[in-house]
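Observations on the model geometry
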Amino acid sequence: GFDHPAMWNHYGKQHEGVCLDLKKSEIDSTIRGALSRHGEILSGAINYHSRVDSLGFHKDLFPIHSGMETWTENELFDHTRKRSLEVKDQVFFSKNEEWSNESEFRWVFMGEGDGPIDVPVGGSLAGIVAGCDFSNEHHTDLSNLAEKNDVPVRRLWWKNGFANQPWPLESFEEGGTIAKWAEEA
């Protein structure tokens, strides 16, 4: 959710960014629809661990095989794919327990090629939440994006470290501030 202050510090550009509120079932269908013909998709909730050795990380996680240097690109790709699937939980779906407040869910795409693949998320977008320090100079762009996708855009504010109900972004036009809005609320 968008109401975790640490998430805004880590991922939201110190509360200056935005959070896209996505519908989980729809974004899953969108990702699978866009990527499944290009490769394999793994997904799942992250498991949080207190110790790295509980994950089974060791030097043999991705062992070097004798004669590997003579493998073709396809042989190397196939081996890496097979081994990645064997250790997917340790490699792709595990994190230190210090991050457990994130309740993270991931999609991992394994396919050939190194170019980008467009995944249109517009139909999965439920709303946009701007951080409390989101710049007013980007207000118009964000409002246009929300209007184009027919979703609400709100601005988050905090009181004593707790998220309050996000206010409409328009409330901050013309020099409006969180403090001013809080006084009027």
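Residues numbered from 1 in each chain as written. Predicted model: local features only at pLDDT ≥ 70, side-chain atom pairs only at ≥ 80, totals over all residues. Heavy atoms only, no water.

Regarding its fold elements, the chain presents six helices and ten strands. Buried residues in the chain amount to 28% of all 185 residues. If you take every contact in the chain between residues at least 6 apart in sequence, the share linking residues at least 24 apart comes to 69%. Carbon and sulfur atoms form 50% of the exposed surface of the chain, whose accessible area is close to 12,000 Å². (Helix = DSSP H or I, 4+ residues; strand = E, 2+ residues; numbered from the N terminus. Buried < 20%, exposed > 50% of the residue type's maximum accessible area, 1.4 Å probe, protein only. Contact = heavy atoms within 4.5 Å. Areas by Shrake-Rupley, 256 points an atom, 1.4 Å probe, with all protein chains shown as cover.)

Right, let's talk about the confidence of the model for the chain for a bit. Per-chain confidence: the chain averages 81 in pLDDT, with 81% of residues scoring 70 or above. Mean pLDDT in the chain bottoms out at helix α6 (residues 178-184), which sits at 44, and peaks at strand β2 (residues 39-45), which reaches 93. Scored below 50 in pLDDT, residues 173-185 makes 13 contacts in the model with residues more than four places away or belonging to other chains. (pLDDT = per-residue confidence, 0-100.)

It is worth spelling out unusual backbone geometry at this point. Here the phi dihedral of glutamine 14 falls at roughly 55°; this positive angle occurs in a residue that is not glycine. Structurally, glutamine 14 is set in the loop between α1 (5-11) and β1 (18-22). Relative accessible area serves as the criterion here: at 48%, glutamine 14 is assigned to the partly exposed category.

The next thing to look at is the packing of aromatic side chains. This model, assessed by the stated rule, comprises one aromatic pair. With a centroid separation of 4.9 Å and an interplanar angle of 65°, the aromatic rings of phenylalanine 105 and tryptophan 107 are classed as edge-to-face. (Phe/Tyr/Trp six-rings, centres within 6.5 Å; stacked < 30°, edge-to-face > 60°.)

This part is about the layout of surface pockets. To locate leftover empty space, one rolls a probe as large as a water molecule over the atoms. Each pocket or cavity is described by its volume, and for the largest pocket that value is around 880 Å³. As for the largest pocket, its lining consists of 23 residues, and the residues nearest its centre are Gly1, Met7, Cys19, Leu20 and Leu22. Residue assignment for the lining of the largest pocket shows that the elements contributing at least two residues are α1, β1, α2 (24-35) and β5 (105-111). Of the residues forming the lining of the largest pocket, the biggest block, five residues, is contributed by β1. Among the residues making up the lining of the largest pocket, the classes are represented as twelve nonpolar, five polar and six charged. (1 Å grid on protein atoms, 1.4 Å probe; cavity = no way out; pocket = protein on both sides within 12 Å on 5 of 7 lines; lining within 4 Å. Points joined across faces, edges and corners; volume = space filled by probe spheres on them. Nonpolar A, V, L, I, M, F, W, Y, C, P; charged D, E, K, R; others polar.)

Turning our eyes to something else, we now look at the nonpolar core. Grouped together as the largest cluster of nonpolar side chains are eight residues: Leu125, Ile128, Ala130, Phe134, Leu142, Ala146, Val151 and Val153. Residue assignment for this core shows that the elements contributing at least two residues are β6 (125-130) and α5 (139-148). No other element matches β6, which puts three residues into this core. With residues near it in sequence (within four places) discarded, alanine 146 still touches Ile128, Val151 and Val153. (Core = buried A, V, L, I, M, F, W, Y, C linked by side-chain atoms within 4.5 Å.)

In this section: the pairing of β6. Of all six residues in β6, five are buried; the element is thus mostly enclosed. Here five bridges tie β1 to β6, and the two strands are oriented antiparallel to one another. Paired with aspartate 21 across the two strands is glycine 127, which belongs to β6. (Pairing = 2+ DSSP bridges.)

Another aspect to go through is the pattern of salt bridges. Enumeration according to the criterion identifies nine salt bridges in this entry. Among the salt bridges present, the one from arginine 83 reaches glutamate 86, with a minimum N-O distance of 2.9 Å. A residue pair is termed a helical-turn pair when its members lie 3 or 4 positions apart in one helix, as arginine 83 and glutamate 86 do in helix α3 (residues 73-86) at three residues. Across the salt bridge formed by aspartate 89 and lysine 88, the nearest N and O atoms sit 3.5 Å from each other. A residue is classified by how much of its surface remains accessible, and aspartate 89, at 39% relative accessible area, is partly exposed. A relative accessible area of 27% places lysine 88 in the partly exposed class. A single salt-bridge network, built from bridges that share partners, covers Lys95, Glu102, Glu104 and Arg106. (Salt bridge = Lys/Arg side-chain N within 4 Å of Asp/Glu carboxyl O.)

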